[in-house]
Amino acid sequence: MTVDLRVQDIAQQIGERFPGAIEEASADSMVVKGEFIPSVGQFLKDTPRLDFDYLNCLVGTDYSDYIEVVYILESYKHNHRLVLKARAYDRDNPTLPSVVGLWRGADFQEREVYDLLGVTFAGHPNLKRIFLWEGFEGYPLRRDYL
Amino acid sequence: MKSLEEREEVIELETDPYVLNIGPHHPSTHGVFRMRVLFDGEVAVDVEPMLGYLHRGIEKLAETRTYTQAIPLTDRLDYLASMTNNVAYCMTAEKLAGIKVPERAEYIRVILSELMRVSSHIMALGFLMNDLGSLFTPLFYAAREREKLLDLFEMVSGQRLLYNYMRIGGVSQDVPERFVKKAQQFVDEFPGYLDEIDNLLTENEVFRMRAEGVGALSAEDAINYSCSGPVLRACGVNRDIRRDDPYSIYDRFDFDVVTGENGDVYDRYRVRLEEIRQSVRIVKQALRDLPGGEVQTKHAHFLRPPVGEAFSRIEAPKGELGFYLVSDNSIAPYRFHVRPPTLLNLSPLRDMIVGWKLADAILILGSIDIVLGEIDR
């Protein structure tokens, strides 16, 4: 059984290591400030006890006030899971750092979020539309699109 | 007269690299997939997959439908394995709404999912042989077996490709009485036919020469690229959601997780072949234990799950198929996202193909077993 790690414990460790990184921590997920995503990701991936080597799913959702990107992380070695979130508040130019350097599985998924929700992932090596054509106007999965 | 070595020096050619577009309309791309491949002579030096030719906006469409109306949309993701798509979506909606599934429905789901896996894998093997240049004979052997499975699916759902059979809280209707008998007959006879395919291909000299060592992927890379399913297990990673994060009633069945060693085309073939046998094992056990009773939990016609989000995944034939749903307590999902296994299995394509020749590139793509309905959505 894949165990969901206790978010409070991890959030405390991250809070000690990266002061101000945690925006919010609930029972099943934690929201990390956008600029801290790569360093928190590196910490989660490299700490032997955590060892999050597998990015299961990267998905974006438009909540009108902000666009939220969810990172579902897993460890194959320890068979546990953690849900990490980051929010982009600027609707005109939402930007988050890319995690392709940590998990290359993020490549297509970040391009998908960019394509359909318009979030720019800074540092992505090949950030362009993946499903829609170049020159398509708007971001279909935003709530104000149609 | 010059020796061969000397002559080769003389005729050594200067070649310019050139770009070749493979697809989108090409039989070997399994749908409308396009790769831009940069070749130097016959050897690929760079690959870029171009996606989106089958993008229908399923995620957006689902936001305008009720939870039940979204089920037919999931059929159209991986259309070679519609049953498992239905199961994955219904499981996530059940998790979101807190609905329990009756025992009999769980067994029916397992039986049909595993039969679906047999059908999907056997077609993957057939198409792989087609890509290899062994035209039609293995594919027709595979299609012959799939036909029997389609008959079984038609018996329970009335459809042969897009079943729309699962419902939130169970299945749409009970299986007919003759289904159990026919399914039993299939799992009794099928291993014999599988041996036929096994004898024809597994130790085939030509196939082994073409497939062994081709398109190899290391275990670390496969995990880093978020691969799953047979592609991941062929690299030697012992991971199967059915065993490691059991959903439904998979913890009651006895089966082995099949792994390869080298992560090459040949291992992916062998893993799929062996997984078919394991699926047949599971179906046999499930048919033996199939209980009676209800097949659907009663719930409100217009489901209004509480505000929140849910992610759940299953081991679909092609890998880990997940759904991410967000509810705002209305009758339609606020967000409907599919985590498609084949899109992520496709991400190491460049690493796999670079350095191999054109004919191998076709074979490597075939061994990933992509379905564009799921990649483009």
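Below or above, wherever it landed, is the structure these notes cover. Residue numbers run consecutively from 1 along every chain, following the written order of its sequence. As they are written, the chains are lettered A onward and the ligands numbered 1 onward, keeping that order. Since the coordinates come from a predicted model, pLDDT governs what is reported: local features require at least 70, and pairs of side-chain atoms require 80 or more to be given and counted, while whole-chain, interface and lining totals use all residues. The side-chain numbers reported here are obtained from all heavy atoms of the structure, hydrogens and water having been left aside.

## Structural notes on the environment of A:Gly138
Residues and elements named next belong to chain A.
Thought 1: Secondary structure is summarised from DSSP: a helix means a run of H or I of at least four residues, a strand means a run of E of at least two, and numbering begins at the N terminus for each. With respect to the element layout, Gly 138 can be found in the segment after strand E8 (120-122).
Thought 2: Sequence separation of Gly 138 and Leu 117 is 21 residues, and the distance between their C-alpha atoms is 8.5 Å.
Thought 3: Throughout, a contact is declared for two residues whenever any of their heavy atoms are within 4.5 Å. Aside from chain neighbours lying at most four places away, what touches Gly 138 is Arg 129 and Tyr 145.

## Brief notes about the interface of chain A and chain B
How big an interface is tends to be reported as the loss of accessible area on association of its parts.
Thought 1: Of the residues lining the interface, 42 residues belong to chain A; the matching set on chain B comes to 39 residues.
Thought 2: Buried area adds together the accessible area that both of two parts lose upon being put together, with accessible area traced by a 1.4 Å probe. Both faces considered, chain A and chain B share a buried interface measuring about 3400 Å² in area, 49% of it formed by carbon and sulfur atoms.
Thought 3: When the buried area of chain A at its contact with chain B is split by residue, A:Arg104, A:Phe108 and A:Phe131 rank highest and sum to 21% of it.
Thought 4: A salt bridge links A:Glu74 to B:Arg239; the shortest N-O distance between them is 2.6 Å.
Thought 5: In protein, a polar contact means a hydrogen-donor-capable atom and an acceptor-capable atom, both N or O and within 3.5 Å, with residues adjacent in sequence counting only if both atoms are side-chain atoms; elsewhere, any N or O pair within 3.5 Å suffices. In this structure, the connection of chain A to chain B is made through 25 residue pairs in polar contact (both at pLDDT 80 or more).
Thought 6: Counting only elements with at least two residues in the side of chain A that touches chain B, the list comes to strand E4 (54-62), strand E5 (67-75), strand E6 (80-88) and helix H3 (106-117) of chain A.
Thought 7: Considering every element that reaches the side of chain A that touches chain B, the biggest residue donor is E4(A), with nine residues.
Thought 8: In this classification, the charged set is Asp, Glu, Lys and Arg, the nonpolar set is Ala, Val, Leu, Ile, Met, Phe, Trp, Tyr, Cys and Pro, and all remaining amino acids, among them Gly, are polar. The residue inventory of the side of chain A that touches chain B, partitioned by class, reads 21 nonpolar, nine polar and 12 charged. The salt bridge criterion pairs a side-chain nitrogen of Lys or Arg with a carboxyl oxygen of Asp or Glu, the two atoms within 4 Å.

## Here's the deal with unusual backbone geometry
Residue and element names in this part refer to chain B.
Thought 1: In the Ramachandran plot, Ser 248 falls in the positive-phi region, its phi being about 50 degrees despite a non-glycine side chain.
Thought 2: In this fold, Ser 248 is placed in the loop between helix H11 (241-244) and helix H12 (265-289).
Thought 3: Type-normalised accessible area, obtained with a 1.4 Å probe on protein chains alone, sets the label of each residue: buried when under 20%, exposed when over 50%, and partly exposed for intermediate values. Here Ser 248 falls in the partly exposed class, since its relative accessible area comes to 29%.
Thought 4: Even without a glycine there, the phi angle at Asp 369 is positive, about 65 degrees.
Thought 5: Summarising the element assignment, Asp 369 is placed in the loop between helix H15 (358-368) and helix H16 (372-376).
Thought 6: The class of Asp 369 is buried, set by a relative accessible area of 6%.

## A look at the sheet that holds strand E2 (residues 34-40) of chain B
All names here are of chain B.
Thought 1: A sheet is described by the order of its strands in space; here three strands give the open sequence E1-E2-E3, paired in antiparallel fashion. In this open sheet, the two edge strands, each paired with only one partner strand, are strand E1 (18-22) and strand E3 (43-50). Strand-to-strand twist across the sheet, computed as the mean angle between neighbouring axes with direction ignored, equals 25 degrees.
Thought 2: Strands pair, by our definition, only if DSSP identifies at least two bridges between them. Judged from the five bridges that link them, E1 and E2 form a sheet pairing that is antiparallel. Residue pairing across strands places Leu 20 opposite Val 37, the latter belonging to E2. Here the axes come from fitting lines to C-alpha atoms, over the contacting stretch only for helices, and the angles between their N-to-C directions go from 0 to 180 degrees.

## Points about the pattern of salt bridges
Residue and element names in this part refer to chain B.
Thought 1: Counted under the stated rule, the structure contains 49 salt bridges over all chains.
Thought 2: Note that Glu 196 and Arg 144 form a salt bridge whose closest N and O atoms lie 2.9 Å from each other. Linking Glu 196 in helix H7 (residues 177-201) with Arg 144 in helix H6 (residues 137-157), this pair joins segments that are 52 residues apart in sequence.
Thought 3: Looking at Glu 196, the relative accessible area reads 32%, which means it is partly exposed.
Thought 4: Note that Arg 210 is salt-bridged to Asp 360, the shortest N-O span being 3.8 Å. A residue pair is termed long-range when its members are at least 10 positions apart, and Arg 210 in helix H8 (residues 205-211) and Asp 360 in helix H15 qualify at 150 residues.
Thought 5: Classification of Arg 210 as partly exposed rests on a relative accessible area of 23%.
Thought 6: A relative accessible area of 13% means that Asp 360 is categorised as buried.

## Digging into the sheet that holds strand E6 (residues 308-316) of chain B
All names here are of chain B.
Thought 1: If you trace the three strands from one edge of the open sheet to the other, you get E6-E7-E8, paired in antiparallel fashion. Both outer strands of the open sheet, E6 and strand E8 (335-339), are each paired with one neighbouring strand and no more. Taken over all neighbouring pairs, the strand axes of this sheet differ in orientation by 15 degrees on average, direction set aside.
Thought 2: As defined by bridge partners, strand E7 (residues 319-327) adjoins E8 across five bridges and the pair is classed as antiparallel.

## Quick word on a nonpolar patch on the surface
Thought 1: Together, B:Leu135, B:Phe136 and B:Phe140 give the surface a local cluster of nonpolar side chains, amounting to about 340 Å² of exposed area.
Thought 2: For B:Phe140, a relative accessible area of 55% puts it in the exposed group. Residues qualify for a patch when their relative accessible area is over 30% and they have no salt bridge, like charges being joined within 9 Å and the nonpolar side chains of Val, Leu, Ile, Met, Phe, Trp and Tyr within 5 Å. All accessible-area figures derive from a Shrake-Rupley calculation using a 1.4 Å probe, and residue coverage is judged against the displayed protein chains alone.

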